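# Structure at a glance
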Amino acid sequence: MIFRWFEPATVAGILLFWSALPPALADDPLVFLGVVMATRAIILALEFVHERHAGWRLNWQELRTDLFYLVLGTFVIQYANSNIIDAGLAAIKGALGITTPALAQAPLALQALLILFIAEFGQYWLHRAMHNWRPLWLLHAPHHHVTQLNTLKGGVGNPLELLLVFASLAALLDFSLPALFCAGHLLTTIACFAHANVRFNPPAWYAHVFTTIAPHSLHHSVGYQATRCNYANCLIILDRIFGTFRAGETDTVGQGDRRRLSIREQMLFPVLSALNGGNASPGIPAE
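Here the structure is a predicted model, which is why all the values come from computation and not from measurement. (Residues numbered from 1 in each chain as written. Predicted model: local features only at pLDDT ≥ 70, side-chain atom pairs only at ≥ 80, totals over all residues. Heavy atoms only, no water.)

### Comments concerning the overall build of the protein chain
The secondary structure content of the protein chain amounts to 13 helices and zero strands. Here the C-alpha radius of gyration of the protein chain, 19 Å, is about what a compact globule of 287 residues would show, namely 19 Å. Over its C-alpha atoms, taken along the principal directions, the protein chain stretches across nearly 50 × 50 × 35 Å. Taken across its 287 residues, the protein chain has 48% of its residues classed as buried. Within the protein chain, contacts between residues separated by at least 24 positions form 80% of all contacts whose residues are at least 6 apart in sequence. Surface exposure of the protein chain reaches about 13,100 Å², of which carbon and sulfur atoms provide 69%. Computed over 17 positive and 17 negative side-chain charges, the inter-centroid distance for the protein chain is 6 Å. (Helix = DSSP H or I, 4+ residues; strand = E, 2+ residues; numbered from the N terminus. Rg over C-alpha atoms; globule rule 2.2 N^0.38 Å. Buried < 20%, exposed > 50% of the residue type's maximum accessible area, 1.4 Å probe, protein only. Contact = heavy atoms within 4.5 Å. Areas by Shrake-Rupley, 256 points an atom, 1.4 Å probe, with all protein chains shown as cover. Lys, Arg positive; Asp, Glu negative; His and termini not counted. Charge placed at Lys NZ, Arg CZ, Asp CG, Glu CD.)

Given below as structure tokens:
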């Protein structure tokens, strides 16, 4: 029962938590950082309680890599996103005179779910493009060279790709800060569920709407062509709507010969692959 209802209960709990939080705390970035880190830690701990695949069991080498990317994403990528992409979108918003004050007055849960949809809709099409256009694939491929999935693996990848993933057109609209924090908490948590090595078995209605580990493991299948499905990080219903959903599960993930890339190789992968003719993954389009 715990592992059947943990995912939907957590999503509902996040919405209730941010809706009930006093304004002084709901506007505090440190509160946001703290609850997101705590949620990640809880999900990661569950991997040692109810493991899904023994071959994905976390070891010290993987943990060191994952923690490196956790720090990189939380502090460096997020800072760059706020000061480059979000600032640029804010400038465009001001130049075009876009104002949506009514959104900030809507119930927080409604705002958060709308932000989640906007971010995920854009992410779905960006992610799909990454699997269909060679320059973007070279940025994205390091994420597919992981040879195991766990709670923190969603944040592993080339920094330029991570910067793109963090971007959202929700910055063009007027949402309250607590709603943005709530949506960020939801996005991060569902992405953790989608990579977690936990034997979750959520209700069918939840798995129909939200991304879970089973279909997302197929997205990490060995071989470039096999990855071209289940693009949604959080809302798998988008794959169902746009015809890219594939049911099933695999415990064998990675690319090529399934050799694990070092952090240095992940950083340099787009450049080195381009210099080598872009043959990082067989079957990828030439253009």
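Now that the structure has been shown, we can carry on.
### Some points on helix H8 (residues 159-166)
Turning to H8, its buried residues are Glu161, Leu162 and Leu163. Here the buried face of H8 lies against helix H4 (60-96), helix H6 (108-130) and helix H7 (134-144). Two to three positions downstream of the cap, the backbone nitrogen of Leu160 sits 3.0 Å from a side-chain oxygen, assigning the N-cap of H8 to Asn158. (Polar contact = N/O pair within 3.5 Å; in protein donor to acceptor, adjacent residues only side chain to side chain.)

### A short note on the packing of aromatic side chains
Evaluated as defined, the whole model comprises 18 aromatic pairs. With centroids separated by 6.1 Å and ring planes inclined at 85°, the aromatic side chains of Phe6 and Phe193 adopt a geometry described as edge-to-face. Here Phe193 lies in helix H9 (residues 177-195) and Phe6 lies in helix H1 (residues 2-20), a separation of 187 residues in the sequence. With relative accessibility at 0%, the residue Phe193 sits in the buried group. Between Trp137 and Tyr224, the aromatic rings sit 5.0 Å apart at their centres with planes inclined by 70°, giving edge-to-face as the arrangement. Of this pair, Trp137 sits in helix H7 while Tyr224 sits in the loop between helix H11 (213-219) and helix H12 (237-242), and the two are 87 residues apart along the sequence. Trp137 gets classed as buried once you look at its relative accessible area, which sits at 0%. What links up through ring pairs into an aromatic cluster is the set Phe117, Phe121, Tyr124, Trp125, Tyr231 and Phe242. (Phe/Tyr/Trp six-rings, centres within 6.5 Å; stacked < 30°, edge-to-face > 60°.)

### Regarding the pattern of salt bridges
A complete count under the given rule lists seven salt bridges for this structure. Between Arg52 and Glu249 there is a salt bridge, with its nearest N and O atoms 2.6 Å apart. One end of the pair, Arg52, is in the loop between helix H3 (29-46) and H4; the other, Glu249, is in the loop between H12 and helix H13 (263-275), and 197 residues separate them in sequence. Looking at Arg52, the relative accessible area reads 11%, which means it is buried. Lys153 is the salt-bridge partner of Glu62, the closest N and O atoms lying 2.8 Å from each other. You can see Glu62 sitting in helix H4 and its partner Lys153 sitting in the loop between H7 and H8, a full 91 residues away along the chain. Since its relative accessible area comes to 2%, Lys153 is described here as buried. (Salt bridge = Lys/Arg side-chain N within 4 Å of Asp/Glu carboxyl O.)

### Looking at the nonpolar core
In terms of nonpolar packing, the biggest core is built from 36 residues, with Trp18, Cys182, Leu186 and Phe200 touching the most fellow members. Counting only elements with at least two residues in this core, the list comes to H1, H3, H6 and H9. Within the second largest apolar cluster, twelve residues are counted, among which are Tyr69, Leu72, Leu162 and Ile213. (Core = buried A, V, L, I, M, F, W, Y, C linked by side-chain atoms within 4.5 Å.)

### Overview of the packing of H1 against H9
Running from N to C, H1 and H9 point in directions that differ by 165°, and their axes come no closer than 9 Å. Taken together, the axis directions place H1 and H9 in an arrangement best described as roughly antiparallel. The hand of the H1/H9 crossing is right-handed. The residues of H9 that touch H1, namely those facing Phe6, Glu7, Thr10, Val11, Ile14, Leu15 and Trp18, are Pro178, Phe181, Cys182, His185, Leu186, Thr189, Ile190 and Phe193. (Axes fitted to C-alpha atoms, helices over the stretch in contact; angles between N-to-C directions. Parallel < 35°, antiparallel > 145°, perpendicular 65-115°, else oblique. Left-handed = near helix turned anticlockwise from the far one by under 90°.)

### Things to note about the state of the cysteines
Under the counting rule described, the total for this entry stands at zero disulfides. Counting only cysteine sulfurs, Cys234 is the nearest neighbor of Cys229, a cysteine outside any disulfide, at a range of 17 Å. Under the relative-accessibility criterion, Cys229 is labelled buried at 4%. The buried category is assigned to Cys234, whose relative accessible area is 2%. (Disulfide = S-S within 2.5 Å.)

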